[in-house]
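Given next are the chains, with one letter for each unit.
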Amino acid sequence: MRTAQLFWGVVALNVAVVWALFFTVAPEPRHPLIGVGQFLGLHAALLMILQLTLIARLPWLDRRVGMDRLTSWHRWVGFTLFWVVLLHPAFVVLGYAVFYRSTVWRQLTNLAGMAGSLAGMVALALVIVAAGVSVRWARRRLSYETWHALHLLLYAAVTLVLIHQLFEVSAFTGAPVAAAYWWVLWIFAITALIAGRIVLPVWRNARHRLYVAAVVPESPDVVSVHIRGRDLDRLPARAGQFFIWRFPGYAGWWRANPFSLSAAPDGRSLRLTAKAVGDASAALRHVPVGSRVFAEGPYGAFTAMHRTRDRTLLIAGGVGVTPIRALLEDLPGDVVVLYRARTDADAVLLEEMRALARTRDARVHLLAGRTSAGDPPFGPDNLRRLVPDLTDRDVYVCGPPAMTDAVLRSLRDLGVPRRQVHAERFRLAA
Ligand SMILES: Cc1cc2nc3c(=O)[nH]c(=O)nc-3n(C[C@H](O)[C@H](O)[C@H](O)COP(=O)(O)OP(=O)(O)OC[C@H]3O[C@@H](n4cnc5c(N)ncnc54)[C@H](O)[C@@H]3O)c2cc1C
């Protein structure tokens, strides 16, 4: 069974357990509306636990599913959570108002007077802020760092939800079996989060003590940074993966940017290649040799682990060539590379890819020049002409979003099975 199906199967199983507990051991609600509110509250807690697991960056899950897919699930679960969290108090307050024949406002102020309910209300306000800054309109107008800082408010919301759950809600704590179940879930999620986001990165950085070994300009706006460190042969990184890098002092401690490995890890060094698009990526050109580097990772499922065929087609566009270049070194068998760049001069890492191809069973085609509407470089006809046996290959694609979408559409039209198609979008669904 595939990991994604297994993951959602476990989630469905937990939904079934929550329903079973609610209908068997939870105390009878005073009013059906309160019951609906409590039922939604249980799902809100489950969704929060799911959210923590999705962003815990657990290596086992990340290697199989990929961080782009995990963050995309996180985004959709987040909006579902928003609606459930909104409806939960609405039903509870309405239910109490009907039951006590009083007003909604009176019930709201009563509940706000109780510590547990107040904690829940503040958590709701924080979820509204986080959801508000995550809708596409707002997200596009905020810098990544501002959005991320506001999003961190959700950790406070999680703490408040735990307080709310432990001290107020009888559906959680009414029966020992229900309380034990929820404790196990929360402990699992929080431990996974602390292990994946704090313990593992801190331990790996202390162990490997990464530093900049060289900075090599590849073009006027692209630079490669070579990294060395201790015992790099024990770092479980693979070609096609990325790290989230921090270069303190040059881009600021709080800036952490994802960059893929642009060469297969050889146990002695790592290399990233970055295009200057903003402050942090532009600063890399000036990072002094010898300075310390901190990295979280390796992350990503864009690796040979997911290969299903002996032959491979690698498709790169622009700076999306970085993981493709690393995969060319790593993937065995017959490999064809299609590399799309505006001009020959923009095609960074091209010469080393050609040199690599000469040492193995591989061909590299550069597709440079303007795109004409009548003859798109990655239209189905062109793809079939360039790589006639493409349906028998795994296809790895990394490039600008429009190009990646065009390639995926063509592969679908040409009937390449989905399991043979692997895409890295250089975008986390944040
Ligand atoms: C998995 C992955 C692998 C990548 N690999 C490469 C690579 O090999 N080479 C390369 O040149 N670029 C790569 N990128 C893109 C690179 O991360 C961004 O160009 C870079 O972070 C921009 O930062 P900035 O501060 O210079 O620019 P900004 O103007 O601050 O950011 C430009 C955009 O980059 C994205 N971004 C910025 N910071 C982050 C962050 N911490 N996490 C996620 N997204 C962020 C945001 O969408 C932002 O709007 C990759 C991105 C991802 C998600």
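Residues numbered from 1 in each chain as written. Predicted model: local features only at pLDDT ≥ 70, side-chain atom pairs only at ≥ 80, totals over all residues. Heavy atoms only, no water.

## Re the site of the ligand
If you check the shell around the ligand, you find 22 residues, and the closest are Arg255, Ala256, Pro258, Lys275 and Ser281. At 2.3 Å from a nitrogen atom of the ligand is found a main-chain nitrogen or oxygen belonging to alanine 256. In this structure, asparagine 257 approaches the ligand through a side-chain N or O atom, which is 2.8 Å from an oxygen atom. Taken together, the elements giving at least two residues each to the shell around the ligand come down to β4 (257-260), β5 (269-275) and α12 (279-283). The dominant element in the shell around the ligand, judged by the number of residues it contributes, is β4, at four residues. Looking at the shell around the ligand, its residues break down into eleven nonpolar, six polar and five charged. Among the domains, domain 2 (209-299) and domain 3 (304-424) are the pair contributing at least three residues each to the shell around the ligand. (Near = heavy atom within 4 Å. Polar contact = N/O pair within 3.5 Å; in protein donor to acceptor, adjacent residues only side chain to side chain. Helix = DSSP H or I, 4+ residues; strand = E, 2+ residues; numbered from the N terminus. Nonpolar A, V, L, I, M, F, W, Y, C, P; charged D, E, K, R; others polar. Domains from an automatic or database assignment.)

## Some points on the sheet that holds strand β9 (residues 362-368)
Spatially, five strands are ordered β9-β8-β7-β10-β11 in an open sheet, and the strand pairing comes out parallel. In this open sheet, the two strands that pair with only one neighbour each are β9 and β11 (421-424). Taking the axes of each pair of neighbouring strands and ignoring which way they run, one obtains an average angle of 15° across the sheet. For strand β7 (residues 311-317) and strand β10 (residues 393-398), the ladder comprises six bridges, and the chain directions are parallel. Bridging from a neighbouring strand, threonine 312 pairs with aspartate 394 of β10. Across the sheet, helix α16 (residues 401-413) is in contact with β7, β8 (335-341), β10 and β11; its angle to β10 comes to roughly 160°. (Pairing = 2+ DSSP bridges. Axes fitted to C-alpha atoms, helices over the stretch in contact; angles between N-to-C directions. Contact = heavy atoms within 4.5 Å.)

## So, unusual backbone geometry
Residues glycine 297 and proline 298 are joined by a peptide bond in cis, for which omega reads 5°. As for its position among the elements, proline 298 is in strand β6 (residues 294-299). Its identity is not glycine, yet arginine 57 carries a phi of approximately 55°, on the positive side. Within the element layout of this structure, arginine 57 appears in the loop between α2 (32-54) and α3 (59-65). Looking at arginine 57, the relative accessible area reads 16%, which means it is buried. Not every positive phi belongs to a glycine, and aspartate 231 is a case in point at roughly 50°. Relative to the helices and strands, aspartate 231 is located in the loop between β2 (222-228) and β3 (242-246). Overall, aspartate 231 belongs to the partly exposed group, its relative accessible area being 38%. (Buried < 20%, exposed > 50% of the residue type's maximum accessible area, 1.4 Å probe, protein only.)

## Section: the domain arrangement of the chain
Considered domain by domain, the chain is made up of domain 1 (3-204), domain 2 (209-299) and domain 3 (304-424). Computed over C-alpha atoms only, the centres of domain 1 and domain 3 are separated by 41 Å.

## Examining the packing of α2 against helix α11 (residues 176-208)
For the pair α2 and α11, the least separation of the axes is 8 Å and the interaxial angle reads 25°. If you check the angle between α2 and α11, you find them roughly parallel. Relative to α11, the crossing made by α2 is left-handed. In this structure, α2 contributes Leu42, Ala45, Leu46, Met48, Ile49, Leu52 and Thr53 to the contact, and α11 contributes Tyr181, Trp182, Leu185, Trp186, Phe188, Ala189, Ile190 and Leu193. Counted by class, the contact of α2 with α11 contains 14 nonpolar, one polar and no charged residues. (Parallel < 35°, antiparallel > 145°, perpendicular 65-115°, else oblique. Left-handed = near helix turned anticlockwise from the far one by under 90°.)

## Structural notes on the packing of aromatic side chains
Inspection of the entire model under this criterion finds 16 aromatic pairs. Seen in terms of ring centroids, phenylalanine 7 and tryptophan 73 are 5.6 Å apart; in terms of plane orientation they differ by 25°. Their pairing is stacked. Of this pair, phenylalanine 7 sits in helix α1 (residues 3-24) while tryptophan 73 sits in helix α4 (residues 67-99); the two residues are 66 residues apart in sequence, bridging distant segments of the chain. Each of the two residues, phenylalanine 7 as well as tryptophan 73, counts as buried. With a centroid separation of 5.7 Å and 45° between ring planes, the pair formed by phenylalanine 23 and phenylalanine 39 is classed as tilted. Taken as a pair, phenylalanine 23 in helix α1 and phenylalanine 39 in helix α2 lie far apart in primary sequence, 16 residues in all. You can call phenylalanine 39 buried: its relative accessible area is 18%. In textbook terms, an aromatic cluster arises when at least three aromatic residues are bridged by ring pairs, as seen for Trp19, Phe22, Phe23 and Phe39. Between arginine 75 and the ring centre of tryptophan 76, over which it is positioned, the NZ or CZ distance is 5.9 Å. (Phe/Tyr/Trp six-rings, centres within 6.5 Å; stacked < 30°, edge-to-face > 60°. Lys NZ or Arg CZ within 6 Å of the ring centre and 35° of its normal.)

## Observations concerning the pattern of salt bridges
Summed over all chains, the structure comprises 15 salt bridges. The shortest N-O distance in the salt bridge between arginine 393 and aspartate 334 comes to 3.2 Å. A residue pair is termed long-range when its members are at least 10 positions apart, and arginine 393 in strand β10 and aspartate 334 in the loop between α13 (321-330) and β8 qualify at 59 residues. Pair check on accessibility: arginine 393 and aspartate 334 agree, each one buried. For the salt bridge of aspartate 389 with arginine 393, the shortest nitrogen-to-oxygen distance reads 2.9 Å. (Salt bridge = Lys/Arg side-chain N within 4 Å of Asp/Glu carboxyl O.)

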